[in-house]
Protein chains: 2
Amino acid sequence: MSDPQPDPAVRQHVLEHRQALVDALLEWLRIPSISADPDHADDVSRSADWFVQRLLAAGFPEVEVWSTPGLPTVYAEWPSDDPDAPTVVVYGHHDVQPVDPIELWDSAPFEPFVRATAYGEELVGRGAIDDKGQMVYHLFGLAAHLAATGRTSPAVTLKVIVEGEEESGSTHFRQLLLDNRERLRCDVVVVSDSGVYDRSTISVVTGMRGMIECQLDLRGPAGDVHSGSFGGAIPNPATVAARLVAALHDADHRVTLPGYYDGVVPLTDRERELIAALPFDESRWLEGARSSGTDGEAGYSTLERVWARPTAEVNGIWGGYTGPGGKTIVPSEAHVKLSFRLVAGQRNEDVMTAMEAWLDDRRADGAVPAGIDVTATFPRIGVRPCLTPLDHPALQSVTRAMARAFETEVLYTREGGSGPEADLADVLEAPVVFLGVGLPDDRIHAPNEKADIEFLLKGAEAVAYLWDDLATTWER
Amino acid sequence: MSDPQPDPAVRQHVLEHRQALVDALLEWLRIPSISADPDHADDVSRSADWFVQRLLAAGFPEVEVWSTPGLPTVYAEWPSDDPDAPTVVVYGHHDVQPVDPIELWDSAPFEPFVRATAYGEELVGRGAIDDKGQMVYHLFGLAAHLAATGRTSPAVTLKVIVEGEEESGSTHFRQLLLDNRERLRCDVVVVSDSGVYDRSTISVVTGMRGMIECQLDLRGPAGDVHSGSFGGAIPNPATVAARLVAALHDADHRVTLPGYYDGVVPLTDRERELIAALPFDESRWLEGARSSGTDGEAGYSTLERVWARPTAEVNGIWGGYTGPGGKTIVPSEAHVKLSFRLVAGQRNEDVMTAMEAWLDDRRADGAVPAGIDVTATFPRIGVRPCLTPLDHPALQSVTRAMARAFETEVLYTREGGSGPEADLADVLEAPVVFLGVGLPDDRIHAPNEKADIEFLLKGAEAVAYLWDDLATTWER
């Protein structure tokens, strides 16, 4: 295959609309659609309405606001005139993160502006890249696609769903998907809420880890008791909690839940090769991690550990006296908050049953002695992992689209985190691919969030190529 | 040796003064000398003054109030007219515990009263047995001793020290001892702030565990970081804290600090035999411990574990997110509060050095990986253990005195807790023996504290016998 080449017509259209794209984004960013803050509920609605108007202006024949018990989602549909064209759901969100710590912003978070950088220009403001910027380039990419191909409807049937609660936990998103499953029926989901490896290493995300949270509650004596009178002769729930946490990993830092790794989709040699090809600067990565050392499962690199391997992490532990000075007690209770990051091939439900079996084993081996009651609670089923294999046609389409836009080889990354994207794969039973142009220095969720304008334009270009590519190569 | 017999003269004197003893105690108990509550500082002073007057009335030629940076101690001295008589320091305290939870009291805590019981009469009020009751019977025991022997000064030189801060940590007690070391020079210390095994098992305390507290502070990433982005690839301080706590005991529940057991004075066969002779009701003991199971060092009974074996106990553990819901972080810090109960033969200082060596071992074996910083802080040297061997003459004197008063065989217990009594042994370099008549159902530190009047009278009788016995049997 020859190197993918850009389409001059697409590129020209995108470049001609550079100012329009910037102006649109500046306008949207002035709406402080912070979903986590109830005081901004009206702003989230205004933000939805703003995008509705833009979708209508872009030509979408059907545009709706889907209300939820929480904040509104925008939905739009534009059928291809080719009845055999594949159907694509595009996912993004129009809510933004809170602005704290406000004092670290160089400017007002919702008074966005453009400034020059060493690389061109950037647009600064809350939501610039996460995720309004990525939704805006979809509008311009679609326009370029239509203009360059001379079509009056897109080459693929588009269903755009833009959520209003992504930054506050996507509380109602899964139910919304379930309620509109038929409406959202599709062949592939394109998520635009991600980034590339770095400015000079263009890449595509192939998967995300899932997550399930668990709380261990340990109860020992019916109240705190005196450690002089009873210490050394009754079991201490804090000690037992510690013993459980310590037993959760083996010497190779592998999670000891029975069968935990059974279904795990292993990294292929090719994937490991491509991950190794990424320019990884450990000291810089550690800076991001704010840690002075790496640690983790034996036999895997740092990137493999965070992208492709499941974990068990202590998010919090507490029990007994934690104030100033001392209090010589055997505490009555101890608690541990755990979260398990899961990878493709693992089922959230299996973690729940494995934990019960594991606790039974700990009771049997004496780690949990008589006199200590342990319960494991999983407050919710959590988020599922998702992964699209390297040879999946949709992923290959995205790869080509990005390669044409950026005129470079495209590598692959994954997300260590977990998001509602996996619900799309799960509920809609469709492969999820990621098309995103964020940069690691975009300061998402942090003060002075920004988007590189050249990257937003590349995003628009990649969108135009992707619709064309999917329409051409998709085999139903 | 024939069974020790009571002295009719002593007994008669004590019984004749029953009402006087009750009246004196009722009067003292009306002074709410709560040392932990600064609002009651004046009451603690009034309590000291009250006892000063009683000591003067009892005939002590020298009575003083020793002020401290905190609350006052009462000191009194009465030399024997026999220059070869042994010198005895009597220790007790005149401050009392707070009264919370006040709503569980049947009457006002500082409006003491006498009521009938199945066994005779009891006196209810805060401080009835802990420790004003035990100080009052010393006054009457001494009077009985003088009356029965026809002496005008005690058979032993008495130095009475009655602390005002015992219930709030004896903050200034050790320094007071150091400052008055010469004045307090003695052959033996008699502590009257303890009890018997139960109503029908009369016993004497032979020792107390010491204690040293330690805080482990673990620092990982410079701030909490996202467990999706970094989890599984950097060390988690909460996990490492748990690993340390888990490693602190081996499979036999023995503490793993290097050399921890090196100096431990082992239980003799005779001691184990006598402990086993105590009527031990495990289910009742567990009720007191509020636990549904026992646990501890292999090879020892429950009483041996709390009385004669050292421990390492987690008093508190915390790190990461501990609020409602979840927060998927790798926490920045974790902390553990530990306390070590020590037994005779262990030096508090050695625990400090052993902990450092132990942490070095944990760094070497990988339990503490690079990226986690651990420090161990010992806020104070703590309280030393004390133990008087069964064959010590002073202990034998106390045993005979108790046996005469109660007309029964006397067994031995120890205290699992730690107290300023050990400082007496340590600073004054004298053996400490315990003469106390508390009962396990006296509700010390709890609502409706009480003292059995018959037991207070037995205490007075035992005091009278003890001074005589020590004077007769002591070999300088």
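Treat the numbers as computed from the prediction; the structure is a model and nothing was measured.

Analysis parameters
Residues numbered from 1 in each chain as written. Chains lettered and ligands numbered in written order. Predicted model: local features only at pLDDT ≥ 70, side-chain atom pairs only at ≥ 80, totals over all residues. Heavy atoms only, no water. Helix = DSSP H or I, 4+ residues; strand = E, 2+ residues; numbered from the N terminus. Rg over C-alpha atoms; globule rule 2.2 N^0.38 Å. Contact = heavy atoms within 4.5 Å. Areas by Shrake-Rupley, 256 points an atom, 1.4 Å probe, with all protein chains shown as cover. Lys, Arg positive; Asp, Glu negative; His and termini not counted. Charge placed at Lys NZ, Arg CZ, Asp CG, Glu CD. Buried < 20%, exposed > 50% of the residue type's maximum accessible area, 1.4 Å probe, protein only. Pairing = 2+ DSSP bridges. Buried area = accessible area lost by both parts, 1.4 Å probe. Salt bridge = Lys/Arg side-chain N within 4 Å of Asp/Glu carboxyl O. Least-squares fit on C-alpha atoms with pLDDT ≥ 70 in both. Phe/Tyr/Trp six-rings, centres within 6.5 Å; stacked < 30°, edge-to-face > 60°. Lys NZ or Arg CZ within 6 Å of the ring centre and 35° of its normal. Domains from an automatic or database assignment. Polar contact = N/O pair within 3.5 Å; in protein donor to acceptor, adjacent residues only side chain to side chain. Nonpolar A, V, L, I, M, F, W, Y, C, P; charged D, E, K, R; others polar. Axes fitted to C-alpha atoms, helices over the stretch in contact; angles between N-to-C directions. Expected span 1.5 Å × (residues − 1). Arc of directions from axis to C-beta.

Draft legend 1. Spotlight on the overall build of chain A. Helix and strand content of chain A: 13 helices and 18 strands. In summary, chain A has a C-alpha radius of gyration of 25 Å against a globular reference of 23 Å for 476 residues, a match within 12%. With respect to the principal axes defined by its C-alpha atoms, chain A has extents near 85 × 45 × 45 Å. For chain A, long-range pairs separated by at least 24 residues make up 80% of all intrachain contacts whose partners lie at least 6 apart in sequence. Split by element, the accessible area of chain A, about 17,900 Å² in all, is 48% carbon and sulfur. Computed over 40 positive and 75 negative side-chain charges, the inter-centroid distance for chain A is 2 Å.

Draft legend 2. Looking closely at the pairing of strand 11 (residues 313-320) of chain B. A large share of strand 11 of chain B lies buried, amounting to 7 of its 8 residues. Inspection of the sheet shows strand 11 (residues 313-320) of chain A paired to strand 11 of chain B by 5 bridges, in the antiparallel sense. Looking across to strand 11 of chain B, one finds that Gly320(A) is bridged to Gly316(B). Looking at chain direction, strand 11 of chain B and strand 13 (residues 333-342) of chain B are connected through 6 bridges and run antiparallel. Bridging across to strand 13 of chain B, Trp318(B) finds its partner in His335(B).

Draft legend 3. Focus on the interface of chain A and chain B. Between chain A and chain B, the contact holds 69 residues from the first and 69 residues from the second. Buried surface at the junction of chain A and chain B, summed over both partners, amounts to about 5,000 Å²; 55% is from carbon and sulfur atoms. On the surface where chain A and chain B come into contact, there are 0 salt bridges. Contributions of two or more residues to the side of chain A that touches chain B are made by strand 9 (210-219), strand 10 (225-226), helix 6 (237-247), helix 8 (282-289), helix 9 (302-308), strand 11, strand 12 (329-330) and strand 13 (333-342) of chain A. Counting residues per element, the side of chain A that touches chain B draws most heavily on strand 11 of chain A, which supplies 8 residues.

Draft legend 4. A look at the relation of the copies chain A and chain B. For the pair chain A and chain B, the relating rotation is 179 degrees, the translation along its axis is 0.1 Å, and the fit reaches an RMSD of 0.1 Å. Within this description, the copies of the chain are treated as partners about a two-fold rotation axis. Interface overlap between copies: 100% of the residues of chain A at the interface are likewise at the interface in chain B, consistent with a symmetric, same-surface contact.

Draft legend 5. Main features of unusual backbone geometry. The step from Asp100(A) to Pro101(A) runs through a cis peptide bond, and the omega angle for that step is -5 degrees. For Pro101(A), the location among the structural elements is in the loop between strand 3 (87-93) and strand 4 (113-117). Of note, the phi angle at Glu429(A) is positive, near 50 degrees, even though the residue is not glycine. On the secondary structure map, Glu429(A) appears in the loop between helix 12 (421-428) and strand 17 (432-434). Classification of Glu429(A) as exposed rests on a relative accessible area of 65%. For Arg443(B), which is not glycine, the phi dihedral falls at a positive 55 degrees. When you line up the elements, Arg443(B) lands in the loop between strand 17 (432-434) and strand 18 (450-452).

Draft legend 6. Here's a closer look at the packing of aromatic side chains. Residues and elements named next belong to chain A. Under the definition given, this model contains 20 aromatic pairs over all chains. Aromatic pair tryptophan 28 and phenylalanine 51: ring centres 4.7 Å apart, planes at 0 degrees, arrangement stacked. Of this pair, tryptophan 28 sits in helix 2 (residues 18-29) while phenylalanine 51 sits in helix 3 (residues 41-58), placing them 23 residues apart in sequence. Through a chain of ring-to-ring contacts, the aromatic side chains of Trp28, Trp50 and Phe51 assemble into a single cluster. The ring of tyrosine 261 has arginine 254 lying over it, and the distance from NZ or CZ to the ring centre is 4.0 Å.

Draft legend 7. Main features of the domain arrangement of chain A. All names here are of chain A. Considered domain by domain, chain A is made up of domain 1 (8-208 + 385-473) and domain 2 (210-264 + 310-377). A straight line from the C-alpha centre of domain 1 to that of domain 2 covers 40 Å. Taken together, the contacts link 6 residues of domain 1 with 8 residues of domain 2. Counting the surface domain 1 buries against domain 2, the share from its top three residues, Pro385, Leu387 and Ser418, is 78%. For the interface between domain 1 and domain 2, the tally reads 0 salt bridges. For the pair domain 1 and domain 2, the number of links is 2 residue pairs in polar contact (both at pLDDT 80 or more). Each residue belonging to the side of domain 1 that touches domain 2 can be placed in one class, and the counts come to 3 nonpolar, 3 polar and no charged.

Draft legend 8. Region of interest: the sheet that holds strand 5 (residues 120-124) of chain B. All names here are of chain B. Taken in spatial order, the 3 strands of this open sheet run 4-5-18, and their pairing is antiparallel. With partners counted over all chains shown, the strands left at the sheet margins are strand 4 (113-117) and strand 18, one partner each. Averaged over all pairs of adjacent strands, the angle between their axes in this sheet comes to 30 degrees, without regard to strand direction. The pairing of strand 5 with strand 18 spans 3 bridges and is antiparallel. Paired with valine 124 across the bridge in strand 18 is lysine 450.

Draft legend 9. The arrangement of helix 13 (residues 453-473) of chain B in detail. Between the first and last C-alpha of helix 13 of chain B there are 30 Å, a value that for 21 residues agrees with the 30 Å anticipated at 1.5 Å per step. Helix 13 of chain B sits mainly inside the fold: 15 of its 21 residues count as buried.

Draft legend 10. Representation of the sheet that holds strand 7 (residues 188-191) of chain A in the model. Residue and element names in this part refer to chain A. As summarised here, the arrangement of the 6 strands in space is 1-2-6-3-7-17, forming an open sheet in which the pairing is mixed. The open sheet has two edge strands, strand 1 (62-66) and strand 17, and neither has a second partner. Averaged over all adjacent pairs, the angle separating strand axes in this sheet is 20 degrees, with direction ignored. Pairing analysis gives 7 bridges linking strand 3 to strand 6 (residues 157-163), with the strands arranged parallel. The residue of strand 6 that forms the bridge with tyrosine 91 is isoleucine 161. On top of the sheet, helix 4 (residues 132-149) reaches strand 2 (73-78), strand 3 and strand 6; it is set at about 145 degrees to strand 3, its chief contact.

Draft legend 11. Structural detail: helix 10 (residues 348-364) of chain A. Residues and elements named next belong to chain A. The terminal C-alpha atoms of helix 10 lie 25 Å apart, and with 17 residues this matches the ideal 24 Å at 1.5 Å per residue to within 8%. Of the residues making up helix 10, those classed as buried are Asn348, Val351, Ala354, Met355, Trp358, Leu359 and Arg362. Viewed along the axis of helix 10, the buried residues span an arc of 140 degrees, placing them on a single side of the element. Across helix 10 from its buried face, at more than 90 degrees, point the exposed residues Thr353 and Ala364. As for helix 10, its buried residues are in contact with strand 9, helix 6, strand 13 and strand 14 (373-377).

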